[in-house]
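Summary of the model geometry
One-letter residues, chain by chain:
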Amino acid sequence: MDQAEAEGDEHWLAQDGQAYVSFRKAVPDGEFHLVHALIASGAYRGVLQSRYLAEKATKVLPKQQEDAAIGILTYRAYEKGTRHSVFLRSAMVGDVCYVELGRADGKVVKIDAAGYSVVGDAPVRFTRGSRGELPLPEQGGTLELFARHFNLSRPDLIRNIGFCIGSFRSAGPFAILLIEGGSGSGKSSLGDRNIALTDPPVEQANARFSLSSDERNLHVHASHAKVLFFDNLSTIGARDADTLCRISTGASSSYRTHHTMTEETQFSLVRPVIATCIATPSDRNDLLSRCLRVTALPITEYRTEEELSRAFEADRPKMLGFLFEAISLALRNRPEVEKARADGLIKPPRLADFALFVEGASEILGLRPGEFCALLSDEQGSMQAEAVLGDPVAEALITYFSRDDATGIDKSARELLDLLKVGNRYAEFPAVNKLRGHLDRIKPGLLANGIAIDMYQDRHAKAWRMRISRTSAFTPIAVPTQPELSRDPF
């Protein structure tokens, strides 16, 4: 306890109420930099042990005394009540972005409207988490440099770089980068490269995770990493889709602390997410509207992992410098982007905060004003339109409106269900009392296919009615003219 006070350790609380400590750590050049960590973390316990051993020479700090010291220092942090915000990897302070490089000397990158520079300790409190080191950024990065290492089409490459730029924001919401591609297209390697440019792990083998069914484990993992990478997702169920949505736009949870009856451990987080899959693993519109989908192109010439890694590592500092230049441009152009949005020249899609921030970097991405928002909106619309294909209600509505004699629909749930069943006797439609909720869920996808739905309450009949019509975006499909043949042999 006396050693902690003599060394000038500062004990304080994060915004979520967890107790932290700031202590000085020697760096290779003989100077010191501040390290911020949980008081109960292994890092600070190691500091206390090291100080005790240095004083006693031959004794280590007994576990019971160590636990007592941690408890007392935690209480002092609560008693003092000083609170500070804690950041992982990046932090925005006004119009300045700081990026923690994970280096032993504690150096960070400062990015403002004038450019970027490498500086000493930042005026914010970074915690290291479980992630590793980013290289020192270098000048000379270009889009063509990214194209060497990302087997993506030009529009997808821009979307991918936009995801990386937006990942350095400290506040959400964030996009979910969904990397699709056939077997052998290098989806996982693309995910690795995105992680290496935004939030690399200490060991590359620790970059990829599976999507845990236990939300607590997922939140523990997310509390130690700025960018999450889930590899090879075959399907995403409703519960996992809801979890990913909460993580990308902001989630909080609390659990009983182990070995206690009433103590609570809280998690409050919002994170960018990378996921790889062969095909879109979910038809949940709420998840897809948060996704930024790119498709890995087939690889025509295979090279060894060592060769690919060596080439990528050689170019990584310049690619990182390019991202920081883009962030600087985005900060510089914030007023112009806001004015263009207010004037109606830029129409942001869902994830507007993310999209408008990247819009500010349009020039370095080779885009016209408003083009990044359009790229994101187009891909979101495409995913929404695809998501409802195969849904019995959506297919029946598309078939109905494809007929030449089709008119607008204004019916109750029961009347609508009776209409949809005509010619679709074997389709599995939802129950009458579930139809309104089902239409609410597929509404964005139907609109992307050119079918608009408006639901209103008929107060006289005390029932909801559905007003459904075609829009100018609707494309009819070929409708069979012959009557449906019965599959019932009897």
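Conventions we followed
- Residues numbered from 1 in each chain as written.
- Predicted model: local features only at pLDDT ≥ 70, side-chain atom pairs only at ≥ 80, totals over all residues.
- Heavy atoms only, no water.
- Salt bridge = Lys/Arg side-chain N within 4 Å of Asp/Glu carboxyl O.
- Helix = DSSP H or I, 4+ residues; strand = E, 2+ residues; numbered from the N terminus.
- Buried < 20%, exposed > 50% of the residue type's maximum accessible area, 1.4 Å probe, protein only.
- 1 Å grid on protein atoms, 1.4 Å probe; cavity = no way out; pocket = protein on both sides within 12 Å on 5 of 7 lines; lining within 4 Å.
- Points joined across faces, edges and corners; volume = space filled by probe spheres on them.
- Nonpolar A, V, L, I, M, F, W, Y, C, P; charged D, E, K, R; others polar.
- Contact = heavy atoms within 4.5 Å.

1. Let's talk about the pattern of salt bridges
Counted according to the given criterion, the structure contains 33 salt bridges. For Arg-128, the salt bridge identified is with Glu-100, shortest N-O distance 2.8 Å. With a gap of 28 residues between them, Arg-128 in the loop between strand S10 (125-126) and helix H4 (143-149) and Glu-100 in strand S7 (residues 96-100) connect regions that are remote in the sequence. Judged by its relative accessible area of 33%, Arg-128 is partly exposed. Glu-100 sits in the buried class, given a relative accessible area of 7%. For Glu-386, the salt bridge is made with Arg-293, and the minimal N-O distance between the two is 3.0 Å. Of the two residues, Glu-386 sits in helix H13 (residues 371-387) while Arg-293 sits in strand S16 (residues 291-295), which places them 93 residues apart along the sequence. Given a relative accessible area of 40%, Glu-386 falls into the partly exposed group. Taken together, the shared-partner salt bridges connect Asp-156, Arg-159, Glu-180, Arg-293, Glu-379 and Glu-386 into one network.

2. Some remarks on empty space enclosed by the protein
Taken as a whole, this structure holds 3 cavities of 30 Å³ or more when the rule is applied. Estimates place the volume of the largest cavity at around 60 Å³. As for the largest cavity, its lining consists of Ile-176, Leu-178, Ile-236, Leu-244, Ala-275, Thr-280, Pro-281, Ser-282, Leu-287, Leu-288 and Cys-291. Of the residues belonging to the lining of the largest cavity, the class tally is 9 nonpolar, 2 polar and no charged.

3. Focus on helix H12 (residues 352-359)
In terms of burial, H12 is largely enclosed, as 6 of its 8 residues are buried. If you check which residues of H12 are buried, you get Phe-354, Ala-355, Leu-356, Phe-357, Val-358 and Glu-359. Where H12 is buried, its residues meet helix H5 (154-167), S16, helix H10 (305-332), helix H11 (334-342) and H13.

Any functional reading would require information beyond the geometric quantities listed.
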